[in-house]
Every structure is written in structure tokens, then in C-alpha cells.
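Single-letter residue listing:
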There are 2 protein chains.
Amino acid sequence: FLRGKLTVRDVRFPTSLEQHGSDAMVGTKLISAHTDPDYSVAYVVIETDQGMQGYGLTFTVGRGTEIVVCAVEALSALVVGKSLEEIVSDFRGFYRLLTSDGQMRWIGPEKGVIQLATAAVLNAVWDLWARSEGKPLWKLLVDMDPRKLISCIDFRYITDALTEEEALDILVKAQTGKQQRVDQMLKEGYPAYTTSCAWLGYSDQLLKQLCTDALNDGWTKFKVKVGADLKDDIRRCSLIRQMIGPHNTLMIDANQRWDVGEAITWVTRLAEYKPLWIEEPTSPDDILGHAAISKCHNRVMFKQFLQASALQFVQIDSCRLGSVNENLAVLLMAHKFKVPVCPHAGGVGLCELVQHLILFDYISVSASLDNRMCEFVDHLHQHFRSPVVIQNAHYMPPKDPGYSCEMLESSVQTHQYPQGQVWKKLQ
Amino acid sequence: FLRGKLTVRDVRFPTSLEQHGSDAMVGTKLISAHTDPDYSVAYVVIETDQGMQGYGLTFTVGRGTEIVVCAVEALSALVVGKSLEEIVSDFRGFYRLLTSDGQMRWIGPEKGVIQLATAAVLNAVWDLWARSEGKPLWKLLVDMDPRKLISCIDFRYITDALTEEEALDILVKAQTGKQQRVDQMLKEGYPAYTTSCAWLGYSDQLLKQLCTDALNDGWTKFKVKVGADLKDDIRRCSLIRQMIGPHNTLMIDANQRWDVGEAITWVTRLAEYKPLWIEEPTSPDDILGHAAISKCHNRVMFKQFLQASALQFVQIDSCRLGSVNENLAVLLMAHKFKVPVCPHAGGVGLCELVQHLILFDYISVSASLDNRMCEFVDHLHQHFRSPVVIQNAHYMPPKDPGYSCEMLESSVQTHQYPQGQVWKKLQ
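All values reported here derive from a predicted model rather than from experimental measurement.

Things to note about the overall build of chain A
And step 1. On a plain count of helices and strands, chain A comes out with 16 helices and 12 strands.
And step 2. At 21 Å, chain A has a C-alpha radius of gyration in line with the 22 Å of a compact globule built from 427 residues.
And step 3. In terms of overall dimensions, chain A has C-alpha extents of about 55 × 55 × 45 Å along its principal axes.
And step 4. The proportion of buried residues among the 427 residues of chain A is 67%.
And step 5. Residue pairs at least 24 apart in sequence account for 73% of intrachain contacts in chain A once pairs closer than 6 positions are excluded.
And step 6. Total accessible area computed for chain A in this model is approximately 14,300 Å², and 50% of it derives from carbon and sulfur atoms.
And step 7. Averaging the locations of the 43 positively and 50 negatively charged side chains of chain A gives two centres separated by 2 Å.

Quick look at the structure:
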């Protein structure tokens, strides 16, 4: 089936150039740990010998994408030559094969470049699986027998927090009311929050304009980037809180800027604006540094954040974790530890991907929308064949078969790095 | 100065083929997470425009080395064009530049492929620095002014465990008796333990022979690999304990084989052989899983293991951490938390490198040898220009200028992957 081929391309958008532009929607003035990002992807296409295609990607921010591409090429030897049936009939084994290859495991394990590459490859496999069933990925997951779902998860290193039996039990219990939740989602969509209003360094006027527009569009939850300059943070948080009123929700994101002590001082000062959460106050590795919400790189890190009660929200990521497989493990652990999941999105394609996972979470795991919402950033969606649909600040469930990460071939070609037109012009 | 060039090569030794050989010294029957390893390095040479060279490497185990090479190439843009003086006059800033490049940070940060590549590059810079001073690296460190040493360390994310002032205080206090410890090391060397006797699957006869030889050579501390088969582990631990007697030291290493529950069961069963430590019982990311000794990938992970009292020995690594700079941070934290450091070595060149760090630790930080020893594995040293010298189970301080990781050019060329002679023959 996959006896066809796997190709991977380095696709970059020159978003760093647009920092001075007037288009506030293209991630302008992104700051933090990642200054001047060129939003990018390692873009994977797998093709079966019958001509069927699966699309996958992982998100990066420019330089270094070629390293992830190199890692995908190294992993491709483990994929090509296997049939889809072979893979999904023992998806746990296949996941283990990719993440625990006797030699490549050394350069991870399950973190950094090799984990991002694993996500890109497996995202393509999941896309192919969903397409072969003619369903959007979320529906493939929702319709899947709980035992089959469990068989996709590698429980290695997490059994002290969640056993297979407990996981199965969670899924079986959530069968009740499932169809009702499917119907609800199709009608209302999944609640979203916006990060597009308050990047660092925006003027008062721009902040006001963006907030007014967002409120008019139905947004009620707003995330503000902080951490570079306390005075500027106070100005923006104060203004946003004033604009959105006391009943809408405000969150802040420090993008790993602080040491633990700094974080405490800073956050204490911003507390009066009543942020619901503080995102990544310090190193993403610092479990004991007590992040309130954090993007982790694997299920073992999430497990400990949960065990240590060190986060109050779980922020899954469709590309930093090992694809759907590892996200399933984290969704189930979060449910057991009674912590709401609020996915990370934005970048290139992260919104397209993660909406499937959070729909599954609501319909088949948590059955709750309390304190739950999915990040939305309004850029680069135009490069996708099935871009996200937002209605009244909600993600509307995708209808096209697959995992929504097929890009327009013309976008891929013009943005390929360094040979695409867009980059040639910049040389 | 470095306005010259940086080259990086993929050098692999086909050690996986020798599993069935009779030479027990070439890492035969290595097991665990890393089955069938081909011991490898990404080998870096930097050359200044005045023709001076610095050598650095990071250790890998075969497939995936090309990914690390790709990452070194990406980092090289940040190195080439800078003078050595420029780098070492603000080494902290240079370290931050490499580990926190606005775009490349995303694919780490400070972990996996990009961290291994950072180590290879910085190891070469340290080698160059030591050569330019005409000293072996350990002596460069020992002679360095404490304030200058501190200025090489990035304290980001660890100030809640160790401040700059505390670090300085540790170094200043340890100035007392320093020359005496230098003399002692030059005379006696630093205590080592051997991992060469008890790989998985060795027959009783081979175990006995290796143990007898090692005891005759003066070894008193032995590490046994465990974790694949409990019955086999019991056989080997029992035999080794019998051979070495009750007063010599035995350690066990599970190479991340177990879940937390499994680890407890297994270790309970092996407790009667009185292992001093249990190495990597579970995921290296699992702080709360309570490893007794663990190889971590950065100072933030080590910090938490120490804060959580989750390890009783600190196992530094010359290539998994961000070179000398980050190892300095970990040595100082370990001292503050009163936990002995017992470095990880073996592989290719890890013994050659890490001996410098542990000598520095004794002379300038801990001033203690209690419960301290450095791993030794007797293979692949013949490929180095200044291989380790072991006398009576002690590492004798290197005398040649540099960081001891210059390889023989002939070895590099014949083992380059895939074009070297050794690999061409195997095709």
C-alpha cells in the first residue's frame, strides 16, 4: 500500500519580514523566545502504490526546518514498504518502531527534532487512514471502537499514571450521549479564543481597533503575549481588560521568558487584570517551576505536570507531540486528572490539525466544555485545501475526509526553501 | 580568528556487527533502549584563519548521525566569522546565541538533536581555547579565575536553585587546597569504574574471565547492564557479586527499560546483590519516576532531579549537555545539593572528554572523592590522538593541550559514512 513513496519538503513563509507591515494578521511582532520567526513546515506526502495520498506536516519557525526534513528522510525508511493495514493493525507497535528505533532513539528520545519529524510522518499516516475511510479525522476517531483506539497508544512510561484498563474505561463511559455531542458540535462548533489581538509592541490604537473588531465578530476570550517589558505588559493588559470588560476572558502567554523567581514577581504584578492562565512562564522542561499551562514535548512530561499538579490546563499540540497517537494518551491522562484541555494552535496548519483532536476530546473523552477552548490565530489558512471554518468564535467541524493538512500545491512550490519563487525574489 | 571554516563529518564504527565476535571489548552485546548500535560521532573541526585547529564531537549510535551533522551545519553560521577572543570574552552570550537562536530554538530547545549538535560545536571551541593557551582543558578550567568561569555559564531557568553569587562562592571556597589536589590527581589519577565486564547475554564463562582480568588490573567497581530478562539479570548479578566479593562495588544500569511499577518490582528482586545505584530505570524525562541516577539533556532537568531529591548521583555527559558550559552549571548545582557526580562515559570519545570535567570537579568544586567515580569502557580509544590513560583503575590527567577529542585523520577517513573504506566494504 505504502509501497509507493514518501516525499518531504521544506516550506517557509517569510513572516519575519512582515513585522513592519500593516497586516496585523500575519503574526506580526511575534516575540518571545522565538523572535523574527519565518513560519514554516516540514511537509510530508506519502503515496501508496495505488496512487492514494496522505498529507502531514510539522510546524517550525524557519532555520532548522532543513534538519527536521533530514530527520523525516531518516524515518521514511521505517514507513515506506508497509501497507496502511499493516500499520493500523498494530499502530502501537508502529509508533514504538518510529520512536524507539535502536539507533535513532539516542538523538531523542521522543523530543526535539526527531519528535517533530515523527509527528509529520504520523500525521500523514493518520490523514491517509481517515481518507481511506472517507471521513474527517475527528469522525474516524469518534466512530472507532474504544479497544481499537487504545491499541494506537503507547503506554510506555505512563502506566503509573494511567493504565490501559483505566483508559478503556474512560472511553467506554463516554459513549453515553456521544451522538448528541456530535450533533451539538456540527451545529455550534467548538469554542475558540483569539491570540491575534495583542502581540507585543502594538500601539494603543491598533489594540483598540483589533479588540473592537474581534468583539464584533463574537470573540469572548483573548490571549495577550507578555514577558519582554513589564511596563508595556501592564499597558496592554490594562487596555485589553478595559476593552473586553470584566466578564470576558483574558489569558497571558510569556513564551518561556522567565526564571521562576521573575515569573512570580511579574505575574503578581499582572494579577489585577485577572488572567485565567499564565502560559509557559519558564522553561518548558521545568515541571517543578510550576507552569500553569505548558506545551510539552511528550506524554512523560505531561504525566509529571499532571502528577505534580503543576498545570491547571493541558495544552496539547498536534505537531510537538507524537501525532494523534500520543495526543490520545495525553487527552486520557488529562481527563483522569480532571484538568481541562485547551489546545495550542496558530503557526502553519496547527489550527487545521488540532481542531480534530479537541472535537474528539469533547465527544469521546471529556464530554465537557467547562473552561475549555481552542486557540485560534488568523493567518496562513489560505494555503490549505480545507482551511478551518470559524463561526461566531467557534471552530466548525471539518467535513472533508482526512486530517485537513493538505496544502495547495502552488503554495508549497512557491514557498519551498530556498528554491521557491518567494525566496528567490528575496535573495 | 574563526574566520576560517567549520567542517563536520559523519563517522561511524560498525560495532553492531561485532556482537557475535570474540572481542568482548568492543561494546559487544550492548542492549537496552539502544540495540545494535553502530558507535558514531558527528566530528567537528574548526580552523582559524591563522591555521589553528579545534576538534569537537558528539556521540551517537548510528542512524540519525546525519541529522546531527545537518544541525551542526545549521549552527556553523553562528560560529564562523567570530574570533576566539570574541567568543570567550562573552561565552555566556555566545552560549545563549547557539541555544536560543530565535528560529532554531523551536526545534529544541536545549534538547535532542540540536543540543547534541551544540555540544559538538562548543566542544570544538573549548578545545581550541585550551590549545590556544597550551593547556589540557581541565587545567585551563582549574587555572581560570572563578569570575571568568562563572561568565561561561548560562543561569537562565536555574536561578531558583543556584544563583551566580552562590556559584561564585562555591568556586572561591574551593580555592583552598587546590594545588594539593592537582598534585594528588597527577600522581594517583581519578577513580574509575568499569562497564566492560557484564553486558547482557554474556556466558558464565566469559563473565568469570572478564571479572578475573579486571580484578587483576585493579578494578574495584563494576557496572552490570540489566533490564531485558530478570532471570538472566539475577544470574549475572549473582555471579559478579560472587566474583568481586562483598566489599567491591556493583552498580546496575537498566537503560530506560522500565515503567515505574516494573522498575520497583525488578529492583526489589535485585536488591540482594547490593547495587550502589540503579541507572536510568525509566524514561530520562521522568523526574517524578524517581531515577536514582540519570543522564539528563540539560541543566533544567538536572535542577529538578536535584530539587525533587529524585537522584542520589548526578551523571554528567560531555556531549548530551551543552558542552563544558552547561556541565559547569550542573557540577555547581550538584555541589550545592550535596550529590556526588559520577560521569557517564564510553561510546566514542566520551571517556576522553569527560575526564577533564571530573578532574575539574574534584580540584575546583567538590574537593571530595567520596562515592565518586568516572565510568570507563575500554573501546575505540585507539582512534584518538591522545587516548585516555588508565592506571590501576584510575584516569590519569591528560597532558596534551586541548580537550582530547582529536581523532586520527586516518580513522576518520576510513570510517566516514557512507563513503569510507570500512563502509564501502560492507555494502
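Some words on the interface of chain B and chain A
And step 1. The partner chain A presents 60 residues to the 60 residues of chain B that form the contact.
And step 2. Buried area between chain B and chain A, both sides added, is near 5,100 Å², and the carbon and sulfur share of it is 55%.
And step 3. When residues of chain B are sorted by the area they lose upon contact with chain A, R63, Q103 and W106 of chain B head the list and together hold 18% of the total.
And step 4. Remark: the boundary between chain B and chain A carries 6 salt bridges.
And step 5. Where the side of chain B that touches chain A is concerned, the elements lending two or more residues are β3 (53–60), α1 (65–76), α4 (112–132) and α12 (299–307) of chain B.
And step 6. Residue composition of the side of chain B that touches chain A, grouped by class: 27 nonpolar, 18 polar and 15 charged.

Notes on the UniProt feature "domain: Mandelate racemase/muconate lactonizing enzyme C-terminal" (unreviewed entry) in chain A
And step 1. Those residues carrying the UniProt feature "domain: Mandelate racemase/muconate lactonizing enzyme C-terminal" (unreviewed entry) are residues 204–300 of chain A in this numbering.
And step 2. Counting secondary structure, residues 204–300 of chain A comes out at 42% helix and 18% strand; the distance between its end C-alpha atoms is 42 Å.

Looking at the relation of the copies chain B and chain A
And step 1. Overlaying chain B on chain A yields an RMSD of 0.0 Å, the required transformation being a rotation through 180 degrees with an accompanying axial translation of 0.0 Å. On the angle and the small slide along the axis, the relation comes out as a two-fold axis. Within chain B, G112 of chain B has its C-alpha nearest the rotation axis, a separation of 2.6 Å.
And step 2. An overlap of 100% is found between the interface residues of chain B and their copies at the interface of chain A, pointing to a shared contact surface.

So, the sheet that holds strand β2 (residues 40–47) of chain A
Residue and element names in this part refer to chain A.
And step 1. Across the sheet, 3 strands lie side by side as β1-β2-β3; this open sheet has antiparallel pairing. Each edge of the sheet is formed by a strand with only one pairing partner; in this case those strands are β1 (5–12) and β3 (53–60). On average, each strand axis in the sheet is inclined to that of its neighbour by 20 degrees, with strand direction left out of account.
And step 2. Against the sheet, helix α4 (residues 112–132) makes contact with β2 and β3, and its axis sits at roughly 150 degrees relative to β3, the strand it touches most.

Here we look at the confidence of the model for chain A
And step 1. Scored by pLDDT, chain A has a mean of 92; 95% of the residues are at 70 or more.
And step 2. Contacts of residues 20–33 of chain A to residues separated by more than four positions or lying in other chains number 34 contacts, the stretch itself having pLDDT below 50.

Topic: the packing of helix α8 (residues 178–188) of chain B against helix α14 (residues 350–366) of chain B
And step 1. Viewed as axis vectors pointing N to C, α8 of chain B and α14 of chain B meet at an angle of 145 degrees, and their least axial separation amounts to 8 Å. Contacts between α8 of chain B and α14 of chain B involve K178, R181, V182, Q184 and M185 of chain B from the first element and L359, Y362, I363 and S364 of chain B from the second.

A word on the environment of S132 of chain B
Residue and element names in this part refer to chain B.
And step 1. Position of S132 among the secondary structure elements: in helix α4.
And step 2. What makes S132 partly exposed here is its relative accessible area of 33%.
And step 3. In sequence terms S132 and I158 are 26 residues apart; their C-alpha atoms lie 31 Å from each other.
And step 4. Among residues more than four places away in sequence, those in contact with S132 are M52 and L84.

Quick look at the side chain of E279 of chain B
Residue and element names in this part refer to chain B.
And step 1. Here E279 is to be found in strand β7 (residues 278–279).
And step 2. In this structure the side chain of E279 is engaged in a polar contact, spanning 3.1 Å, whose partner is the side chain of W277.
And step 3. If we ignore the near neighbours within four places in the chain, the residues touching E279 are Y193, K223, I252, D253, A254, N255, I293, K295 and Q315.

Section: the state of the cysteines
Residue and element names in this part refer to chain B.
And step 1. In total, this model carries 0 disulfides over all chains according to the counting rule given.
And step 2. In this structure C152 is a free cysteine whose sulfur lies 17 Å from that of C405, the closest cysteine sulfur available.
And step 3. With no disulfide of its own, C197 has C211 as its nearest cysteine by sulfur position, at a separation of 4.8 Å.

Here's the deal with the sheet that holds strand β2 (residues 40–47) of chain B
All names here are of chain B.
And step 1. Taken in spatial order, the 3 strands make up an open sheet running β1-β2-β3, and their pairing is antiparallel. The open sheet has two free edges, formed respectively by β1 (5–12) and β3, since each of these has just one partner strand. Within the sheet, the average angular offset between the axes of one strand and its neighbour, ignoring direction, is 20 degrees.
And step 2. Here 8 bridges tie β1 to β2, and the two strands are oriented antiparallel to one another. Paired with D10 across the strands is A42, a residue of β2.
And step 3. Sitting on the sheet, α4 is in contact with β1, β2 and β3, with an inclination near 150 degrees to β3.

Details of the packing of aromatic side chains
And step 1. Counting across every chain of the model gives 26 aromatic pairs over all chains.
And step 2. Relative to W423 of chain B, the ring of Y417 of chain B has its centre 5.1 Å away and its plane inclined at 85 degrees; by these criteria the two rings are edge-to-face.
And step 3. Relative accessible area serves as the criterion here: at 33%, Y417 of chain B is assigned to the partly exposed category.
And step 4. A relative accessible area of 10% means that W423 of chain B is categorised as buried.
And step 5. Within the aromatic cluster, the residues linked to one another by ring pairs are F91, F94, W126 and W129 of chain A.
And step 6. In this structure, R12 of chain A is placed above the aromatic ring of Y417 of chain A, and the distance from its NZ or CZ to the ring centre is 3.8 Å.
And step 7. Between R320 of chain B and the ring centre of W106 of chain A, over which it is positioned, the NZ or CZ distance is 4.7 Å.

Conventions we followed
- Residues numbered from 1 in each chain as written.
- Chains lettered and ligands numbered in written order.
- Predicted model: local features only at pLDDT ≥ 70, side-chain atom pairs only at ≥ 80, totals over all residues.
- Heavy atoms only, no water.
- Helix = DSSP H or I, 4+ residues; strand = E, 2+ residues; numbered from the N terminus.
- Rg over C-alpha atoms; globule rule 2.2 N^0.38 Å.
- Buried < 20%, exposed > 50% of the residue type's maximum accessible area, 1.4 Å probe, protein only.
- Contact = heavy atoms within 4.5 Å.
- Areas by Shrake-Rupley, 256 points an atom, 1.4 Å probe, with all protein chains shown as cover.
- Lys, Arg positive; Asp, Glu negative; His and termini not counted.
- Charge placed at Lys NZ, Arg CZ, Asp CG, Glu CD.
- Buried area = accessible area lost by both parts, 1.4 Å probe.
- Salt bridge = Lys/Arg side-chain N within 4 Å of Asp/Glu carboxyl O.
- Nonpolar A, V, L, I, M, F, W, Y, C, P; charged D, E, K, R; others polar.
- UniProt positions renumbered as here; feature names shortened; annotations may be inferred.
- Least-squares fit on C-alpha atoms with pLDDT ≥ 70 in both.
- Pairing = 2+ DSSP bridges.
- Axes fitted to C-alpha atoms, helices over the stretch in contact; angles between N-to-C directions.
- pLDDT = per-residue confidence, 0-100.
- Polar contact = N/O pair within 3.5 Å; in protein donor to acceptor, adjacent residues only side chain to side chain.
- Disulfide = S-S within 2.5 Å.
- Phe/Tyr/Trp six-rings, centres within 6.5 Å; stacked < 30°, edge-to-face > 60°.
- Lys NZ or Arg CZ within 6 Å of the ring centre and 35° of its normal.

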